[in-house]
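Okay, here's what each chain looks like letter by letter:
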Amino acid sequence: IAGITQAPTSQILAAGRRMTLRCTQDMRHNAMYWYRQDLGLGLRLIHYSNTAGTTGKGEVPDGYSVSRANTDDFPLTLASAVPSQTSVYFCASSEGDKNEQFFGPGTRLTVL
Amino acid sequence: QKEVEQDPGPLSVPEGAIVSLNCTYSNSAFQYFMWYRQYSRKGPELLMYTYSSGNKEDGRFTAQVDKSSKYISLFIRDSQPSDSATYLCAMNAGGFKTIFGAGTRLFVKA
């Protein structure tokens, strides 16, 4: 049982390029989340999805888009990456709106 | 002002010490309070979850919530080197948006 997997583990990206971070869960959780973690700022919610086909904006959604075509997958896309998007990105899931979130191992993204 | 304030540390203690980690918050609507532990280069994992004011104990860990003061604490008894990690407080007013503190780095020296 893997829980949540994220890919890639790390990536260096040129500014202006498009990038999709992948997230897959095998727990059949309804809710999924994308966070970014920056030193001194903690985890900040980018987008979330409470069920397949529905998404919502978090605290820092600008420059990011998500889709939720099915229960298991929740990809995060940077349409045109900028250096300020350099961060560690975590995907998480939860059963409904219960507050125990399960996190993936993270993707370290550097935008140059 | 951030909704949730947490001292980033680092906090360094000797093995066996009692550790106290704290967060303050400004939103009185928060009603769910969590503590997550995050080891270096790993994702956070839930440690403690409380709903109401008061204390909740789980082994060496005790979570305390004081809603009147908007203050939450995590106590670790008999701290071990394996407790060395970053501890994140988190809060939710209901729904899908959880606010996290910046995290406190803890080092437990053998």
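Our subject is the structure listed above.
Notes on the structure follow. (Residues numbered from 1 in each chain as written. Chains lettered and ligands numbered in written order. Predicted model: local features only at pLDDT ≥ 70, side-chain atom pairs only at ≥ 80, totals over all residues. Heavy atoms only, no water.)

Residue and element names in this part refer to chain A. The four strands are arranged 1-3-8-7 in an open sheet whose pairing can be described as antiparallel. Edge strands, defined here as strands with exactly one partner in the open sheet, are strand 1 (4-7) and strand 7 (64-66). The sheet shows a mean angle of 20° between the axes of neighbouring strands, direction not considered. Where strand 1 and strand 3 (residues 19-25) come together, four bridges link them in antiparallel fashion. Of the residues in strand 3, the one forming a bridge with glutamine 6 is cysteine 23. (Pairing = 2+ DSSP bridges. Helix = DSSP H or I, 4+ residues; strand = E, 2+ residues; numbered from the N terminus. Axes fitted to C-alpha atoms, helices over the stretch in contact; angles between N-to-C directions.)

Turning to the sheet that holds strand 8 (residues 71-76) of chain B, a few remarks are in order. All names here are of chain B. Read across the sheet, five strands follow the order 1-3-8-7-6 without closing on themselves; strand pairing throughout is antiparallel. The sheet terminates laterally at strand 1 (4-5) and strand 6 (54-58), the two strands that pair on one side only. By the bridge criterion, two bridges tie strand 1 to strand 3 (residues 19-25) in an arrangement that is antiparallel. Residue pairing for strand 3: glutamate 5 is matched across the bridge by threonine 24.

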